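Chains, contacts and geometry: an overview
In case you want the letters, here they are:
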Amino acid sequence: MLNSFNKYSKVNSITLHSDAEQASVYVAQQIAELIRQQQEQGKPAVLGLATGNTPKRVYQELVRLHQNEGLSFHNVISFNLDEYYPICPDNDQSYTYFMRKYLFSHIDIKSHNIHIPHTDFPPHRILQYCKDYEDKIVSFGGLDLQLLGIGRNGHIGFNEPGSTFDSTTRLVNLHSLTRQDAQTHFGTIDNVPLQAISIGIQTIIQAKKILLLALGERKSEIISKALKGEISTQVPASILQTLSQVEYILDRDAAALIQD
Ligand code: GLP
């Protein structure tokens, strides 16, 4: 770790690492520590998990800890942040496919403890489905830890600019920049879904601990806005400035605009 400081926010902390590798390993260690602590107390660890390029190395490290250092996920209950709507879980662009590929198929998590929004159903079922997803998180006592990336427009999960801070799990319209960024995965912009189901900002901020990981120069501008800018629904991640349970983990490039 290079540095830990909280120059911009009175309440939360920023942990700065020299590169993406170090930052990712650090995040994996935080998650592993929580899982082990909960195991020692005979409790489940309720994890909110993210997708995208950012957490891939974190998941790789968690898999290594499982395979080489005996970290068990038997007490883990996971809830993913979001999923495109509609998409079939077997589609290789679905987040179900992503989580299986990068994490779940390599660890001993119980399949009935995995929760990812499934979105291959018709519109009339959405409201009830979202309510059930939200209720399920509450039924496990809420999220012990939420891992977040950040979109270049400041979204967390798929809570796009304009999402209210009291939002819960719901169907959202994807922002043009979000769809543009997803284009490389889907081939063409027309293949990128227009909508998604995402847990809400309120759902996220109720987590007992929140780790926001941002890597690389392309995140530096939004990191500067989210951490130093005005708290506004136009930059959904800006609400995190007000929360004491938030830790931002940044590599040097992502932190480029917030260092003197
Ligand atoms: C997607 C996900 C977000 C993620 C964001 C950033 O939109 N829904 O949860 O934080 O992408 O993605 P990346 O890490 O690839 O930059």
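Predicted model, so just to flag it, every value in this text is computed and none were measured.

Let's shift gears to the site of the ligand. Near the ligand lie 14 residues; those nearest to it are Asn53, Thr54, Asp82, Phe158 and Lys219. The separation between an oxygen atom of the ligand and a polar main-chain atom of Asn53 is 2.8 Å. Between the ligand and Thr54 there is a distance of 2.4 Å, counted from an oxygen atom to a side-chain nitrogen or oxygen. For the ligand, whose free accessible area comes to 390 Å², the fraction covered by protein is 89%. Cavity membership is defined here by more than half of the atoms lying within 2 Å of grid points; on that basis the ligand lies in the largest pocket. For the shell around the ligand, the class distribution of residues is four nonpolar, seven polar and three charged.

Okay, the layout of surface pockets next. Considered as a void within the structure, the largest pocket measures approximately 830 Å³ in volume. Contributing to the lining of the largest pocket are 38 residues, with Thr51, Gly52, Asn53, Tyr95 and His185 lying nearest its centre. When residues of the lining of the largest pocket are traced back to their parent elements, those giving at least two are strand 5 (82-85), helix 3 (95-102) and helix 5 (176-186). Looking at which element gives the most residues to the lining of the largest pocket, the answer is helix 5, with eight residues. A class-by-class count of the residues in the lining of the largest pocket yields 15 nonpolar, 15 polar and eight charged.

Time to look at the nonpolar core. If you look at the biggest cluster of nonpolar residues, it comprises 74 residues, and the most contacted ones within it are Ile31, Leu62 and Leu240. For this core, the leading source of residues is helix 1 (residues 20-40), giving eight residues. Each residue touching Leu62, except ones within four places of it in the same chain, is listed here: Ala28, Ile31, Ala32, Leu71, Phe73 and Leu103. One finds Tyr84, Tyr95, Val172 and Ala182 within the second-largest nonpolar core, a separate group that totals 10 residues.

Conventions and cut-offs
- Residues numbered from 1 in each chain as written.
- Predicted model: local features only at pLDDT ≥ 70, side-chain atom pairs only at ≥ 80, totals over all residues.
- Heavy atoms only, no water.
- Near = heavy atom within 4 Å.
- Polar contact = N/O pair within 3.5 Å; in protein donor to acceptor, adjacent residues only side chain to side chain.
- Areas by Shrake-Rupley, 256 points an atom, 1.4 Å probe, with all protein chains shown as cover.
- 1 Å grid on protein atoms, 1.4 Å probe; cavity = no way out; pocket = protein on both sides within 12 Å on 5 of 7 lines; lining within 4 Å.
- Sits in = over half its atoms within 2 Å of the grid points.
- Nonpolar A, V, L, I, M, F, W, Y, C, P; charged D, E, K, R; others polar.
- Points joined across faces, edges and corners; volume = space filled by probe spheres on them.
- Helix = DSSP H or I, 4+ residues; strand = E, 2+ residues; numbered from the N terminus.
- Core = buried A, V, L, I, M, F, W, Y, C linked by side-chain atoms within 4.5 Å.
- Buried < 20%, exposed > 50% of the residue type's maximum accessible area, 1.4 Å probe, protein only.
- Contact = heavy atoms within 4.5 Å.

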